[in-house]
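One-letter residues, chain by chain:
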Amino acid sequence: MRRENLTASRYDMVVMVSGGIDSTVLLYDLVCNKKANPLALHFLNLTSSYEYSYVKKNVNNLRVDIETIDYSHFLNVCVPPRSIPRRTDGRIVFGNTVVLSMALAFTIARSIPELYVGLNKVDSESYIENTPVFMDYLRHGLKIVESECSLCTPYHNLSKSQIIKKGIDIGIDFNTTLSCISPINEKQCNKCDSCRDRKIAFRELGVEDPKLT
Ligand SMILES: [Zn+2]
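Criteria and cut-off values
Residues numbered from 1 in each chain as written. Predicted model: local features only at pLDDT ≥ 70, side-chain atom pairs only at ≥ 80, totals over all residues. Helix = DSSP H or I, 4+ residues; strand = E, 2+ residues; numbered from the N terminus. Rg over C-alpha atoms; globule rule 2.2 N^0.38 Å. Buried ≥ 20, exposed ≤ 12 C-beta atoms within 10 Å, placed from the backbone. Contact = placed C-beta atoms within 7 Å. Core = buried A, V, L, I, M, F, W, Y, C linked by C-beta atoms within 7 Å. Pairing = 2+ DSSP bridges. Right-handed = clockwise from strand over helix to strand, strands pointing away. Axes fitted to C-alpha atoms, helices over the stretch in contact; angles between N-to-C directions. Arc of directions from axis to C-beta.

Caption draft 1: View of the overall build of the chain. The helix and strand tally for the chain stands at 8 helices and 5 strands. The N-to-C order of helical and strand elements in the chain reads β-α-β-α-β-α-α-β-α-α-β-α-α. Computed over its C-alpha atoms, the radius of gyration of the chain comes to 17 Å, within 12% of the 17 Å expected for a compact globule of 213 residues. In terms of overall dimensions, the chain has a C-alpha envelope of 55 × 50 × 30 Å along the principal axes. Put simply, the chain has 213 residues, and 31% of those count as buried. Partitioning the intrachain contacts of the chain with sequence separation of at least 6 by distance along the chain shows that 75% fall at a separation of at least 24.

And the structure:
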């Protein structure tokens, strides 16, 4: 079987970036601390494209190249008709798997050896498709297709406050991140779960969130 040549690219890894804290810190960590040359990958949802504006601020600041994949159509067709009960958390079961599989396929197709994902401990505890066990399931899939690409989740054991501390040490301006499911005029709504997690994490550190001041 012909194997992929995963050293042919000029990029060291692909990093999934959402515009939130975890993936932003991960991107800066790889560039500033590890001196790596990543390619950023953003999944674009055209109904909430404000996230991309935050992503662009950081990739421009770091001079990192970026690719986008528009998955709006997938999200739209997964919305069930009114006659079918919807999940209260709004999640699409196997949705994370779809996105991660697309990201892995992209990484392998571009001959890049690693895919980095900024999952943290809270993500892992809140949803099965974010757990280390589930990541191992995807890694097993990579072995079955005889790919040498690695799926890396270096923050999986870190809390959000530990990740923010890492970002503060690097000198990241957290004004360039957004953690909100339903922002109002591109500002944190201060009501959703993402806003709550962000607020708790900054409070644990005893640091003011510049986004809220
Ligand atoms: Zn919010």
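Caption draft 2: Layout of the nonpolar core. Core analysis: the biggest nonpolar cluster contains 37 residues, and Val14, Val15, Leu27, Ala40, Leu41, Leu115 and Tyr116 have the highest contact counts within it. Mapped onto this core, the elements with two or more residues apiece are strand S1 (13-16), helix H1 (21-33), strand S2 (38-44), helix H2 (50-62), helix H4 (95-109), strand S4 (114-116), helix H7 (160-170) and helix H8 (193-205). The dominant element in this core, judged by the number of residues it contributes, is H1, at 6 residues. Leaving out residues up to four positions away in the same chain, Ala40 has contacts with Val15, Val17, Leu27, Val59, Val64, Asp65 and Ile66.

Caption draft 3: Inspection of the pairing of S2 at higher detail. The element S2 is largely enclosed, with a buried count of 6 among its 7 residues. As paired elements, S1 and S2 share 4 bridges and run parallel to each other. Along S2, the bridge assignment pairs Met13 with Pro38. Two strands pair when backbone bridges link them, and S2 and strand S3 (residues 65-70) are joined in this way by 6 bridges, in the parallel orientation. Bridge assignment links His42 to a residue of S3, and that residue is Thr68. Handedness of the β-α-β unit built from S2, H2 and S3 comes out right-handed.

Caption draft 4: Structural view of the sheet that holds S3. With parallel pairing, 5 strands are arranged side by side in an open sheet as S3-S2-S1-S4-S5. The sheet is open, and its two borders are formed by S3 and strand S5 (150-152), each paired with just one other strand. Across the sheet, the mean angle separating the axes of adjacent strands is 25° when strand polarity is ignored.

Caption draft 5: Here's a closer look at H7. Along H7, the positions that sit buried rather than exposed are Lys160, Ser161, Ile163, Ile164 and Gly167. On an axial view of H7, the arc spanned by its buried residues comes to 155°, and they lie on one face. Summarising the contacts, the buried residues of H7 are in contact with H1, helix H5 (121-126) and H8.

Caption draft 6: Layout of unusual backbone geometry. In the Ramachandran plot, Arg63 falls in the positive-phi region, its phi being about 55° despite a non-glycine side chain. Mapping Arg63 onto the fold places it in the loop between H2 and S3. Positive phi, normally seen in glycine, also occurs at Ser111, with a value near 60°.

Caption draft 7: Main features of the pairing of S1. The alternating pattern of S1 places Met13 and Val15 and Val14 and Met16 on opposite faces, both of which are buried. Between the parallel elements S1 and S2, the chain passes through H1 in a crossover that is right-handed. With 2 bridges joining them, S1 and S4 adopt parallel strand pairing. Directly across from Val15, in S4, lies its bridge partner Tyr116.

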